[in-house]
Amino acid sequence: MHGLRLSRLDPAAAGALRVISYFDRLVENHSDPDALTRATALLAECAAGTADHRRAADHRHGPDARALPPGEAAPTSSRAVVVDGRTVGEVWLERTGGAWPHDGLVLERLALATALAFERAGSLSPSAHPPQWGDPALVQAALTTRGPEAERSRALHLLGLRPDEPLRAVAVVAPDAVLMRRALCSCARALSAAHPRLGRPAPFGALWSTVGAILLPGPADAGPGGPALPEGVTAGLPDGVAVGTGPSGTAARLPDSWAQARRAARFAGLGPTWPNAVDATELGTLALLADIPGDAALAHPDTAALAGLGSEDLATLDAVCRTPSVRAAAQLLHLHHSSVAQRVARIERSLGFGISGPHGRQRVQTALLLRQLNAPAASSLGPQPF
């Protein structure tokens, strides 16, 4: 069965029937999602993947059947996995070049087989596992400041959380909806693994097409200011994804944690020296820069002067501002220190003030942050906080 390849099939009905028979046999053999993904990659002769949004579990294999890192997926075509009218997962192909004649049928049959595998495993049974992919309306009700406290308490109960336990919000932002959903699953899975004593996964939901939230119960040994994301949790996130975490507190403080998480996400990945995950409690007064209106920030002469710098100079400026010396900046940029010193001199002439002293350094670092926070290419955080 695994000797079948799309390149050897004719594009007519006979080829389609062989594809259907291929997946029928996989279903008859009670193949699990990982086996289905592996068999699909062999058949399609390209990388294939499946994602279980309820369990935050991804499977991805290459055309040689070897497992691939889920965080590096680049789908070219996909199909939702639907059970009882609910989208509970996703399947995809990663095809180089144009689509092949039977790609649509392959995805259709893989989605159907995966849905059956989910049902067999009991992953859709509330009693088998607490909810993970939370109803966006419930997640929003838990984070909003507009509703009464009783509604927040009810939403948390329905999401499998206790209103009397410490909670924190995590904001996940991505350039498109597919990346955002995958990043949400990746973060939630990593958080659950990092805090096994929670006894259950963290519920999460997509609030807008490019913005999602994770509600993380605070571990007993984590103080109110403790980091929500342990080191390495976001290592496998796709490029362009930003994660911000808010402080832990009571359920009544969850909207504030969400507001701070969204603000922290604006700082994530700002420049080459900023991580893609930022904890709001570690920003300090820098967080106030995000509250300055964008038009006013970009109109300031110091910020406007940065618009005349090229990408090379901006990267140099970011490294110089975030390291203790020119030599340290040169090491970060993999350049000789004299080359960096020449760049700094050129930047100073362009800006009209020196950046070597403490005052000039602080001045230009503030301008750089304001520009990065309000640049047109910066990640959008969707509508205003509810």
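Since this is a predicted model, take the numbers as computed values, not measurements. In this convention, every chain numbers its residues from 1, walking through the sequence in written order. Local features in this predicted model are restricted to residues whose pLDDT is 70 or higher, and side-chain atom pairs enter the listing and the counts only when it is 80 or higher, whereas totals over whole chains, interfaces and linings include all residues. Only heavy atoms go into the side-chain values, all of them from the structure, while hydrogens and water stay out.

A. Region of the structure containing the sheet that holds strand β7 (residues 211–217). Strand pairing is assigned whenever DSSP identifies at least 2 bridges connecting the two strands. Working definition: helices are DSSP H or I runs of at least four residues, strands are E runs of at least two. Numbering for both runs from the N terminus. Strand order in the open sheet made by the 5 strands is β6-β7-β5-β8-β9, with mixed pairing throughout. Every other strand in the sheet has two partners, leaving β6 (204–208) and β9 (277–279) as the edge strands with one partner each. If you compare each strand with its neighbour and ignore which way they point, the axes differ by 20° on average. We call two residues in contact whenever any of their non-hydrogen atoms come within 4.5 Å of each other. Lines are fitted to the C-alpha atoms to define the axes, a helix being fitted only along its stretch in contact, and any angle between axes, read from their N-to-C directions, falls within 0 to 180 degrees. Across the face of the sheet, helix α7 (residues 254–267) comes into contact with β5 (167–173), β6, β7, β8 (242–245) and β9 while running at roughly 35° to β5.

B. Up close: the pattern of salt bridges. Salt bridge criterion: a side-chain nitrogen from Lys or Arg within 4 Å of a carboxyl oxygen from Asp or Glu. One pass over the full model with this rule turns up 14 salt bridges. Among the salt bridges present, the one from Asp-164 reaches Arg-162, with a minimum N-O distance of 3.4 Å. Each residue is placed in one exposure class: buried if its accessible area under a 1.4 Å probe, protein chains only, is under 20% of its type's maximum, exposed if it is over 50%, and partly exposed if it falls in between. With relative accessibility at 44%, the residue Arg-162 sits in the partly exposed group. The structure contains a network of salt bridges with shared partners spanning Glu-312, Asp-313, Arg-343 and Arg-346.

C. Looking closely at the nonpolar core. Here, the term nonpolar core denotes a set of buried Ala, Val, Leu, Ile, Met, Phe, Trp, Tyr and Cys residues that are joined through side-chain atoms within 4.5 Å. In this structure, Tyr-22, Phe-23, Leu-26, Leu-36, Val-81, Val-91 and Leu-93 are the most contacted members of the largest nonpolar core, which totals 26 residues. Of all the secondary structure elements, the ones that give two or more residues to this core are α1 (13–28), α2 (33–44), β3 (77–83), β4 (86–94) and α3 (103–121). For this core, the element with the highest residue contribution is α3, accounting for 9 residues. Those residues in contact with Phe-23 that lie beyond four places of it in its chain are Thr-40, Leu-43, Val-106, Arg-109 and Leu-110. Grouped together as the second largest cluster of nonpolar side chains are 21 residues, Leu-161, Ala-171, Val-211 and Leu-254 included.

D. Highlighting the pairing of β4. Counting buried residues along β4, 7 of its 9 residues qualify, which places the element largely inside the surrounding structure. One ladder, built from 6 bridges, connects strand β1 (residues 47–52) with β4; its direction is antiparallel. Across the sheet, residue Ala-48 finds its bridge partner in β4, namely Leu-93. Inspection of the sheet shows β3 paired to β4 by 7 bridges, in the antiparallel sense. Counterpart to Ser-77 in the pairing with β4 is Leu-93.

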